[in-house]
Structures are given as structure tokens and as C-alpha cells.
Amino acid sequence: MAKKTEIIDALKTQLARFSAEAKEEQIGTVLSVGDGIARMSGLSQVQSMEMLEFPGQVYGVAFNLEEDSVGAILFGDTKEIKEGDTVKSTGRILSIPVCNGVLGRVVDPLGHPLDGKGKIQAKEYQPIEKIAPGVMTRKSVHVPLQTGIKAIDSMIPIGRGQRELIIGDRQTGKTAIAIDTIVNQKGQNVKCIYVAIGQKESKIAKMVARLEAAGAMEYTTVVVAGASDPASMSYIAPYAGCTIGEFFRDKGEDALVIYDDLSKHAWAYREISLLLRRPPGREAYPGDVFYLHSRLLERATCMNEENGGGTLTALPIIETQSGDVSAYIPTNVISITDGQIYLESDLFYRGIRPALNVGLSVSRVGSSAQTKAMKKVAGKLRLDLAQFRELEAFAQFATDLDENTRKQIERGRLTTELLKQPQYQTLPFEEQVATIYAVINGLLDTFKPEQMHAWEKGLYVFLRSSSTNVLGMIREKKQLDEEVEKTLKQAINDYNEEFIRSQS
């Protein structure tokens, strides 16, 4: 009897302590699932781009908000999800972790590490979709972002805060330009984010290894949505990369984000949209495919001092089919960006690398994103090269050329040879200035095009060891005043004499 009393007392004590808290959860039911897409009923209060929790720790994002159902895109393994399962609303808009710890890491578009170096310890999360900064918070682009590539820094200058499109057929060196630009930011205080969309994992692994070998991974984050990942990952990847770049920009720093490439991004969006039964338009893309890229690229900015003074530069890449820049996605992105670097297959196969088409390439920021020294030497270069390309085509059919035309063609050949540059061999701007100064001022007219590679290699060695320290003068002053120009001209003439002796 005593034991029975003890049990009753214990139960009374437990009941006295018991408290039930009411918890409200928004839930829905899966109607159908397949191809990385789920349709659900319920969830009447869900927001667009809100994260949803499915069984088996799988997450998705509310994408289509319809009258009687919700369409969601899914991330991760969807095999465990079936019709009739319960879905929970999280109340959180899709966000990723941002912190200084993402530098040197390879992550997926949700911020999960892929490099085996452990979890990223981030206290802050930011939504991947944001409204671009307004006009009054910006200022004009004025500081150069050096790519280290002579042809680009001289003729198509890129500024910090600019959006410059890299466009061309497959295998013409588009990614090579982007990687060289990242490598050249060493010591320039620019944080880099490389977004790989729908690429082979083996190619990405090689690229990361090259960046590590060049010491560039210290200031770089690689966001990967591989070829084997679902279309939903490819869709969110560029927005995730942009959010990481904005984290650094908002701290007043400079950041560079490369989207490689937005053609595959548009394909992923088309796939998702068609599966969700959104109405197709031209080339089966949904009607808002322009907004898809405009809301992404408009986030690249040069902020004014009152708003931190940081910059976010965007280098989107677009792949063309047979050089057709008038296709739907290329024309869309060309109209959004501040210029394009157009790479041509014919030039690439002729050994001219970077295979830059001077006529179709343009930077709408222009010389405001150049140092005064580069502006002075590069002013004539673009025009001379464009004229040479026309004359070269004409000269194939002409048997007799006048002296001036012949000289112009010869100098054009020298210039073309001098602007060739192997991958991973970037140059500081002062060395670029010295090379271009020599060719546009006729200091190389006595040489042959096939001598240019050896001449250029020797020039840098000569100038670096020169007692005049002319490269240091150009680097510090950033302009070619009378004294610097005189010293540079004398140094090149001295080297030319030495070079001629070594060749004889």
C-alpha cells in the first residue's frame, strides 16, 4: 500500500511540473516530386525564396507561389521524399554563411565546404538575393583593376566596380583570362570569388591546384555547382558568389566575382522553369530571363565614401555558338554590362592569344579606369591595330603597296606579336607601359616579328636590373612625364643595342 502511495505522489509531482507550450508550425503536404522539383499543398503563408524542410534533412526553396499549390526546387538527395510527406516552413529566406573564413575555401552554393578542410565557422548569414544598391549610393568607376594582360589593360581597361563581359566560342581562352586576372590580384588587396557553373569537377580541381601553386587561393573563394549537381545548384550559384563578394564590398574592401559561365546558368533556369510549367518564350526561355541576369549584374558597384567606398567588380562569361553574338542570351548580357571582351576562334587557331577581336571588344568605362602612363601609350594602340587588321586583309590581294602602307603593316605585325601572352604569365602595368611605348614610338621598326618574344623577355630582365630604376619611377608616378619618358626611351635604346649584339 505504501508503495502504491509513493507512485501516486511521484505521478502528482510530475504532473504538477508538466507544462505544454503551444508551438505554431506551417506545414504542407507533398503532392508530387521528381527531377529536383516538388509540388505541395498547404503552406498558405510561405514567402518566395523561403527555405522549406523536407524529410531526411533535405532542403528546398519556394519558387512558384500558385493559388492552390507551391512549387519548390530541391537541394540534395531527393530519393527519400515521396508523395504525402510533410513539409515544414522554416521562416528563413535562402541565405549563406559569410565571413573572412571563406577565403581559400572551395564551397557549394549553400556554403557547405567541398575541400575537406572542415566546417566554415561563420556567425553571419546573408540572403543570396538582394536588391542592388541605388544610384545615389554609387560613384563612377575610376580605379583600374589590372588583369596583367597587355592587350586588355591597354585597349579594354577594366575598372573596380565595372561589369565587363568575356564572350566567345568554347575553347577560345575565356576562363584563362579570368584565372589570369585572379592571379594578378596578388598584393592588390582584391578579394576574388570564382563561381563555376555546370563545369566538370576535374577541370575545377585542376584550376584550384593552379591557383594554390600561384599563391592566389589565399584571397580567393571558389563556389562550385558541378556538372553532376542538380539544376537548382547551378541556378543559385552566381547569387551565392555575389553575396560573398558583397560581404567584402560592404566592409569597404575591393572584391572581384567571376561567373563562369552565365550561358549554363540560363540553361539551368530554363530547365527549372519548364519543370515548374512556367510559360516558355523565345528559345524556350521564360519571359523573365533578362531579369535573371540584370538583377545579378546590377549588384556590381563602386560605392561612394558615405557608403563605405568598397567595390564589387563582375566578370561574367558567356559562351557563343559559332561566333553568334546576336543570340538571345549574349545580346541580353551585352546590354546589361559595361562592355565586352570578344574572343575569336580564328585568331585563337592562328596562335594569337589572347584571341582578342579589337573591333568588337569595348570597355564603356574607357580611359577613366587607366593610369595616366597607360593612357598616354595606349591611346594610339587600339586604332593602329584595328587599321592594321583591315590593311592586312586588303594586302592579301594587292601586289604592290606604297611605302607608308607597307610600314603600317610591318608595325602591325610587330604589335600583334608583342601583344601575345601565355597563360599564367601576367605583367605589372609598368612593364606593359614600357613594351607598348617601344612599339608605338617606332623603337622596334628595325626588328622582325619573330624576334619579339626574345626581345620582350630580355627587356624585362634589363629594366629590372637597370640602375635608372625607370620601372619604379613609372610605378610611383603612374604617369609618363618628360623626365620619365626620356629615361625610358634611353633605357630601351640601350637595350636594343645590346639585343642586336646578342643576335649577331
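Under the annotation held in an unreviewed UniProt entry, the protein carries the name ATP synthase subunit alpha and is attributed to Candidatus Uhrbacteria bacterium GW2011_GWF2_46_218. Per UniProt, the protein carries the Function (unreviewed entry) text "Produces ATP from ADP in the presence of a proton gradient across the membrane. The alpha chain is a regulatory subunit." Per UniProt, the protein carries the Catalytic activity (unreviewed entry) text "ATP + H2O + 4 H(+)(in) = ADP + phosphate + 5 H(+)(out)".

Caption draft 1: Highlighting the pattern of salt bridges. Across all of its chains, the model carries 27 salt bridges by this definition. In this structure, Arg249 and Glu246 form a salt bridge, with 3.8 Å as the shortest nitrogen-oxygen distance. With Arg249 and Glu246 both in helix α5 (residues 231-249) and 3 residues apart, the pair spans about one turn of that helix. Arg249 gets classed as buried once you look at its relative accessible area, which sits at 5%. The structure contains a network of salt bridges with shared partners spanning Lys130, Glu246, Arg249, Asp250 and Arg299.

Caption draft 2: Molecular detail of the side chain of Gln432. As for its placement among the helices and strands, Gln432 is situated in helix α13 (residues 429-440). For Gln432, a relative accessible area of 0% translates into the label buried. Engagement of the side chain of Gln432 in a polar contact is seen with the side chain of Asp153, the distance being 3.1 Å. Once you skip the residues sitting within four places of it in the chain, Gln432 turns out to touch Gly148, Ile149, Lys150, Asp153, Met374 and Leu427.

Caption draft 3: Up close: the packing of aromatic side chains. Within the structure shown, the criterion is met by 11 aromatic pairs. Their ring planes at 70° and their centres at 5.2 Å tell us that Phe247 and Phe248 sit as a pair that is edge-to-face. The two residues Phe247 and Phe248 agree in class, both being buried. Taken together through their ring pairs, the aromatic side chains of Phe447, Trp455, Phe462, Tyr495 and Phe499 make up a single cluster. Between the NZ or CZ atom of Arg210 and the centre of the ring of Tyr424, over which it lies, the distance is 3.8 Å. Just above the ring of Phe348 sits the side chain of Arg353; from NZ or CZ to the centre is 4.0 Å.

Caption draft 4: Quick peek at the sheet that holds strand β10 (residues 165-168). As summarised here, the arrangement of the 8 strands in space is β8-β12-β11-β13-β14-β10-β15-β16, forming an open sheet in which the pairing is mixed. The sheet terminates laterally at β8 (106-107) and β16 (362-363), the two strands that pair on one side only. Sheet topology note: the β10/strand β15 (residues 339-343) ladder contains 4 bridges and is parallel. Along β15, the bridge assignment pairs Gly168 with Leu343.

Caption draft 5: Highlighting the packing of α13 against helix α15 (residues 470-477). Following both chains from N to C, one finds α13 and α15 inclined at 115°, their axes separated by 9 Å at the closest point. For the element pair α13 / α15, the angle class is roughly perpendicular. The element α13 and its partner α15 pack so that their crossing is right-handed. Where α13 approaches α15, its residues Phe429, Glu430, Glu431 and Val433 are matched on the opposing element by Leu471, Ile474 and Arg475. Of the residues belonging to the contact of α13 with α15, the class tally is 4 nonpolar, no polar and 3 charged.

Caption draft 6: Quick peek at the nonpolar core. With 77 residues, the main nonpolar core has Met155, Val222, Ile341, Leu444, Trp455, Ile474 and Leu480 as its most contacted residues. Each of two domains, domain 2 (95-369) and domain 3 (372-501), supplies a minimum of three residues to this core. Formed by 60 residues, the second largest nonpolar core is a distinct cluster that contains Ile193, Tyr235, Ala240 and Tyr342.

Caption draft 7: Representation of empty space enclosed by the protein within the structure. Following the criterion strictly, the structure yields 3 cavities of 30 Å³ or more and no others. Each pocket or cavity is described by its volume, and for the largest cavity that value is around 90 Å³. Secondary structure elements with two or more residues in the lining of the largest cavity: α2 (150-155) and α11 (381-395). Of the residues that constitute the lining of the largest cavity, the class distribution is 8 nonpolar, 1 polar and 3 charged. Each of two domains, domain 2 (95-369) and domain 3 (372-501), supplies a minimum of three residues to the lining of the largest cavity.

Caption draft 8: Main features of the domain arrangement of the protein. Domain assignment breaks the protein into domain 1 (25-92), domain 2 (95-369) and domain 3 (372-501). Of note, the centres of domain 1 and domain 3, computed from C-alpha atoms alone, are 61 Å apart.

Caption draft 9: Quick look at the packing of helix α7 (residues 289-297) against helix α8 (residues 328-336). Across the interface, α7 lies against α8 with an axial gap of 10 Å and an inter-helix angle of 35°. The element α7 and its partner α8 pack so that their crossing is right-handed. Taking contact as the criterion, the partners of Val289, Phe290, His293, Ser294 and Leu297 in α7 are, on α8, Tyr328, Ile329, Asn332, Val333, Ser335 and Ile336. Considered class by class, the residues forming the contact of α7 with α8 number 7 nonpolar, 4 polar and no charged.

Caption draft 10: Layout of the pairing of strand β5 (residues 70-75). Most of β5 sits out of view: 6 of its 6 residues are buried. Burial of β5 is two-sided: the residues Val70, Ala72 and Leu74 facing one way and the residues Gly71, Ile73 and Phe75 facing the other way are all buried. Relative to β5, strand β4 (residues 58-65) is paired through 6 bridges, and the arrangement is antiparallel. Pairing of Tyr59 across the sheet is with Phe75, part of β5.

Caption draft 11: Representation of helix α16 (residues 482-503). Given a rise of 1.5 Å per residue, 22 residues ought to cover 32 Å, and the 31 Å separating the end C-alpha atoms of α16 matches this to within 8%. Those residues of α16 lying buried are Val484, Thr487, Leu488, Ala491, Ile492, Tyr495, Asn496 and Phe499. In this fold, the buried residues of α16 make contact with α13, α14 (452-464) and α15.

Scoring rules and cut-offs
- Residues numbered from 1 in each chain as written.
- Predicted model: local features only at pLDDT ≥ 70, side-chain atom pairs only at ≥ 80, totals over all residues.
- Heavy atoms only, no water.
- UniProt positions renumbered as here; feature names shortened; annotations may be inferred.
- Salt bridge = Lys/Arg side-chain N within 4 Å of Asp/Glu carboxyl O.
- Helix = DSSP H or I, 4+ residues; strand = E, 2+ residues; numbered from the N terminus.
- Buried < 20%, exposed > 50% of the residue type's maximum accessible area, 1.4 Å probe, protein only.
- Polar contact = N/O pair within 3.5 Å; in protein donor to acceptor, adjacent residues only side chain to side chain.
- Contact = heavy atoms within 4.5 Å.
- Phe/Tyr/Trp six-rings, centres within 6.5 Å; stacked < 30°, edge-to-face > 60°.
- Lys NZ or Arg CZ within 6 Å of the ring centre and 35° of its normal.
- Pairing = 2+ DSSP bridges.
- Axes fitted to C-alpha atoms, helices over the stretch in contact; angles between N-to-C directions.
- Parallel < 35°, antiparallel > 145°, perpendicular 65-115°, else oblique.
- Left-handed = near helix turned anticlockwise from the far one by under 90°.
- Nonpolar A, V, L, I, M, F, W, Y, C, P; charged D, E, K, R; others polar.
- Core = buried A, V, L, I, M, F, W, Y, C linked by side-chain atoms within 4.5 Å.
- Domains from an automatic or database assignment.
- 1 Å grid on protein atoms, 1.4 Å probe; cavity = no way out; pocket = protein on both sides within 12 Å on 5 of 7 lines; lining within 4 Å.
- Points joined across faces, edges and corners; volume = space filled by probe spheres on them.
- Expected span 1.5 Å × (residues − 1).

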